[in-house]
Every structure is written in structure tokens, then in C-alpha cells.
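Coordinates in review
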Amino acid sequence: MAKDALVSEKLASKFATEKETPYTRWVRDEGLEIISGHYVANLNTVALKPWPRRGGGAVFINHDASRTSNDCYVCEIPEGGKLAPQRQLFEEMIMILSGRGSTAVWNDAGAKVTFEWGPGALFAIPLNAWHQHFNGSGRETVRYVAVTNCPPVMNLYEDTGFIFDSAYDFKNRFAGEPDYFANKGEQKGLLLETNFVADAVNLPLIEAKERGAGGGHIRFSMAKGSMNSHISQFPVGTYKKCHRHGPGAHVIILSGEGYSLMWPEGEEPKYYEWQVGSMIVPPNMWFHQHFNTGTTPARYLAFKHETVSIRNAQGVPKAWISMRIGGDQIDYADEQPLIRTTFAEALSKHGLTPNMDAAYEAELADLPPKPAA
Ligand SMILES: [Fe+2]
């Protein structure tokens, strides 16, 4: 029996009035849909509806469990078009899926910065700064995907006049610096402090062996906000270690092909195939694991908010720590045999074999002893 905790209609009806929130009401009043699932096959082709507020088309992606932390939305700007200017009392981080154009960002003090972008560009909107996106082509649409922390803000204030029309410049976030959106940054450990990455698909990464299989990793701090997204990459013939964390991570495939397994504790893994443009949304504390079955490295962007992380007393996300010592990451040595057989079968369909022996071997050097039974 599936452990999805679904109960009778009779019990559910007692909570029906609490299921709706100011956030879900707002999306509905905007005339838009919320995709509540764990998976979107392709963000490039997912169906959109007209969004009168912005002037483009959009769909929100927000699993039930993340309705109090963050959301995602996909938006399209028509050929030769632009979106309406907007300011907002929530943070937003954007990745361009297709098309070319520019964004203007300004504040009430009159400082204005404009920058250009193309596919793979990654940037954040400074809190409450005015901004407007322009499609630079008369022939091609622009499509972007964004992560925001609109849900808690909308649930707290439930007042669109306040959220979208408050005259206050957060000068510590943006003061009109002319090079604010220059393609540069400062690397602090795994964290890249920047406001603009021109090409997230080809951005150099930092080694992160703790997540397994020769992986590369980089974390972002953009526009001094709390949307702490990251990129991970893993080589041909490999897969990452399984882990779990809180809700609100939106995993977008930037390159490669493969699949993910996701499951709540005690259940059989569920299979989700992906390609460039697919999105995986791991539900709250579901185990999940990503597998590269293609002939190139696989790279994804995890769009998320700080509340996704569950950290230990040292500030380390428990998704990086072995379950043998109380973390939320399953070591290769402790995974079910099914993980390896499924992977070998999937690779064989592409004429490939697993390239995991070095990763299994390397793990042994730092593997904590198994706790006593
Ligand atoms: Fe994850």
C-alpha cells in the first residue's frame, strides 16, 4: 500500500477550507494554473496561459509541500514583445531557457541598469527593484523559468497593492551600480557571489566528491538574496549519491540525458526519465537519486530557497552527510542492489557500461563505520 498518507474524503473535507491559501488564490485570480506534480517532461514545451499582469504567458510549478516556502514559474515573452514593468516584495532568480533579449532594472532613486542575455543566462531580481524584460527578437519567443519566494510573502500579507506597489528601495540589495549585472563574481568556498552568469550550461564547476562520482558543484548567492540555488554535474556512466531534504527544490536538466529515482522511505523507487528541459521536484523528505545514461556529462540546476536545506549544528546540509552518522545521504556502500542493476540495464540500452568502480572505491576512504545494530 502506497504511503502517500491519503485519507478518506470525510476527513479531507474537514480541512478543505484550509487547503486553499492566499498564494493559491492569487495564482488562480491571475488566471493561471499551478502544476502540483513531481515532474515536468519539458519546460520548453509545457503549456502556458495568458498572464494579463505581465503581458506574456505563464504556468506556475509548485508542489503541495512547498506552498509555504518557494515556487517556480515558466514565462514566455512573445516575438518582439516585452513584459510589463514590475516590482515585488519577494525574491526571484531567473534562467533563460530560449531566446535572446534584455532586462532593465531600476529603483525609485532613478538609477537604471540594462543588461542583455541569451539561453542559459542566470540572474536574480534585487528585492523590490523595478524590472522589465524585453524580447530582443522579432521572430523568436523568449521562454524563461524562475524561482521565487512569493508563497510565504503572499500568505503573510495577502495584499497585492503592498506586495507589488510599495515605494521602498532596498539600497543594500541594489543601489544602481553600473556593473551590477556584469558577468563576474567572487568565489567563496562552494558559493559564487554574483548577480549574473552568462551561460550556466558551460559555467566551470568545483569538485564535490562528497556527493559522489567525480561530481562538479557550484552554489549561488545572487542579488544578496536567499534563493540559494546550485548546479551539479556528473560524468558519463555515473550517478550521484541518494539523498533527501525539505521541499522546494526544482531540478532543471541543463545538459545530458538520464533518469531520477524518487521514493518516500519504505517504498519502492519511482522512475522519472529526463532530457534537457525536464524538471524534477523531489517532495518533502523523499529520497532521490540522479543517473546519467547519456554519452555526455549530465548537468542540472537546482532552483530552491534556503528552507529546502536541513543543516547540522555546523551549518552543513544533512543531504551531504552519511546516514550512518545521522545525515540524509545514502552511501553507495549502503544502497539497494536494485540501484546498480537498474543503472546497468539503462546504460546498456545506449551501448554503455557503468563507470562507478572508482567512486565506490573512493568512498571507502571516508566512510564512517556502520552503527551497531
Ligand atoms: Fe536533492
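Analysis parameters
- Residue indices begin from 1 for each chain and proceed along its sequence in written order.
- Local features in this predicted model are restricted to residues whose pLDDT is 70 or higher, and side-chain atom pairs enter the listing and the counts only when it is 80 or higher, whereas totals over whole chains, interfaces and linings include all residues.
- Water and hydrogen atoms play no part in the side-chain values, which are based on all heavy atoms of the structure.
- Pairing between two strands requires that DSSP report at least two bridges joining them.
- Each helix is a run of H or I in the DSSP string that is no shorter than four residues. Each strand is a run of E no shorter than two, and both are numbered from the N terminus.
- What counts as an axis is a line fitted to C-alpha atoms, over the stretch in contact for a helix, and the angles between N-to-C directions run from 0 to 180 degrees.
- Only one rule defines a salt bridge in this text: a Lys or Arg side-chain nitrogen within 4 Å of an Asp or Glu carboxyl oxygen.
- We call a residue buried when its accessible area falls under 20% of the maximum for its residue type, exposed when it is over 50%, and partly exposed in between, using a 1.4 Å probe and counting protein chains only.
- Contacts: residue pairs with any heavy atoms within 4.5 Å of one another.
- Throughout this description, the term nonpolar core refers to a set of buried Ala, Val, Leu, Ile, Met, Phe, Trp, Tyr and Cys residues connected via side-chain atoms within 4.5 Å.
- An automatic or database domain assignment supplies the start and end points of every domain.
- Two N or O atoms form a polar contact when they lie within 3.5 Å of each other; inside protein one atom must be a possible hydrogen donor and the other a possible acceptor, and for residues adjacent in sequence the pair counts only when both atoms belong to side chains.
- Each metal site is built from N, O and S donor atoms within 2.8 Å (3.2 Å for Na, K and Ca), and since water is not included, such sites may look incomplete.
- Patch building starts from residues that exceed 30% relative accessible area and form no salt bridge, then joins like charges within 9 Å and nonpolar side chains (Val, Leu, Ile, Met, Phe, Trp, Tyr) within 5 Å.
- Surface accessibility in these figures is a Shrake-Rupley result with a 1.4 Å probe; residues are shielded only by whichever protein chains are displayed.
- Joining two parts hides part of their accessible area as seen by a 1.4 Å probe, and the buried area is that hidden amount summed over both.
- All residues other than Ala, Val, Leu, Ile, Met, Phe, Trp, Tyr, Cys, Pro, Asp, Glu, Lys and Arg, Gly among them, are scored as polar; the first ten of these are nonpolar and the last four charged.

Observations concerning the sheet that holds strand β8 (residues 112-117)
Read across the sheet, 3 strands follow the order β8-β7-β10 without closing on themselves; strand pairing throughout is antiparallel. The two strands at the open ends of the sheet, each matched to only one other strand, are β8 and β10 (130-135). The mean angle between the axes of side-by-side strands here comes to 15°, regardless of whether they run parallel or antiparallel. Looking at chain direction, strand β7 (residues 101-106) and β10 are connected through 6 bridges and run antiparallel. Its bridge partner being in β10, A104 is matched across the sheet by Q132.

A closer look at the pattern of salt bridges
Under the counting rule described, the total for this entry stands at 19 salt bridges. R25 is the salt-bridge partner of E158, the closest N and O atoms lying 3.0 Å from each other. Within this pair, whereas E158 is found in the loop between α4 (150-157) and α5 (160-164), its partner R25 is found in helix α3 (residues 22-29), the two being separated by 133 residues in sequence. Measuring nitrogen to oxygen at the nearest pair gives 3.2 Å for the salt bridge that ties K188 to E193.

Side note on the environment of V153
In this structure, V153 sits in helix α4. For V153, a relative accessible area of 14% gives the class buried. The spacing of V153 and P22 is 131 residues in sequence and 9.5 Å in space, taken between C-alpha atoms. Not counting the four nearest positions on each side in its chain, V153 is found in contact with L89, F90, E158 and I163.

Description of the nonpolar core
Counting residues in hydrophobic clusters, the biggest one holds 64 residues, and the most contacted among them are L122, V145, F220 and F303. Taken together, domain 1 (9-164) and domain 2 (187-366) each give at least three residues to this core, which thus spans both. Sequence-distant contacts of L122, that is, excluding residues within four places in its chain, are made with M93, I94, M95, N195, F196, V197, A200, F220, M222, L301 and F303.

Digging into the environment of S260
Locating S260 in the fold gives a position in strand β20 (residues 258-263). The exposure class of S260 is buried, given its relative accessible area of 0%. Linking S260 and G215, residues 45 residues apart in sequence, is a C-alpha distance of 16 Å. Excluding anything up to four places from it in sequence, S260 contacts K270, Y271, Y272, W274, I280, Q289, H290 and F291. In terms of polar contacts, S260 uses its side chain to reach the side chain of H290, at 2.7 Å.

Some words on the coordination of the iron ion
Distances from the iron ion to its protein donors, H243 (NE2), H245 (NE2) and H288 (NE2), fall at 2.1 to 2.2 Å. Expressed as a motif, the donor residue spacing for the iron ion is H-x1-H-x42-H. Taken together, the residues H245 in the loop between β18 (242-243) and β19 (250-255) and H288 in strand β23 (residues 287-292) connect sequence positions 43 residues apart. The pair H245 / H288 is uniform in exposure class, with both members buried.

Concerning a nonpolar patch on the surface
Residues V7, L11 and F15 make up a contiguous nonpolar surface patch of roughly 280 Å² in combined accessible area. When you line up the elements, V7 lands in the segment before α1 (9-14).

Quick word on the domain arrangement of the protein
Along its sequence, the protein is organised into domain 1 (9-164) and domain 2 (187-366). Once you take the C-alpha centre of each, domain 1 and domain 2 turn out to be 25 Å apart. Between domain 1 and domain 2, the residue contacts involve 36 residues of the former and 38 residues of the latter. A combined buried area of about 2700 Å² lies between domain 1 and domain 2, and 68% of that area is made up of carbon and sulfur atoms. Linking domain 1 with domain 2 are 0 salt bridges, by the criterion used here. Scanning the region where domain 1 abuts domain 2 turns up 12 residue pairs in polar contact (both at pLDDT 80 or more). Residue assignment for the side of domain 1 that touches domain 2 shows that the elements contributing at least two residues are β2 (39-40), β5 (71-77), β6 (92-98), β8, β9 (122-125) and β11 (142-148). Within the side of domain 1 that touches domain 2, the residues separate by chemical class into 22 nonpolar, 11 polar and 3 charged.

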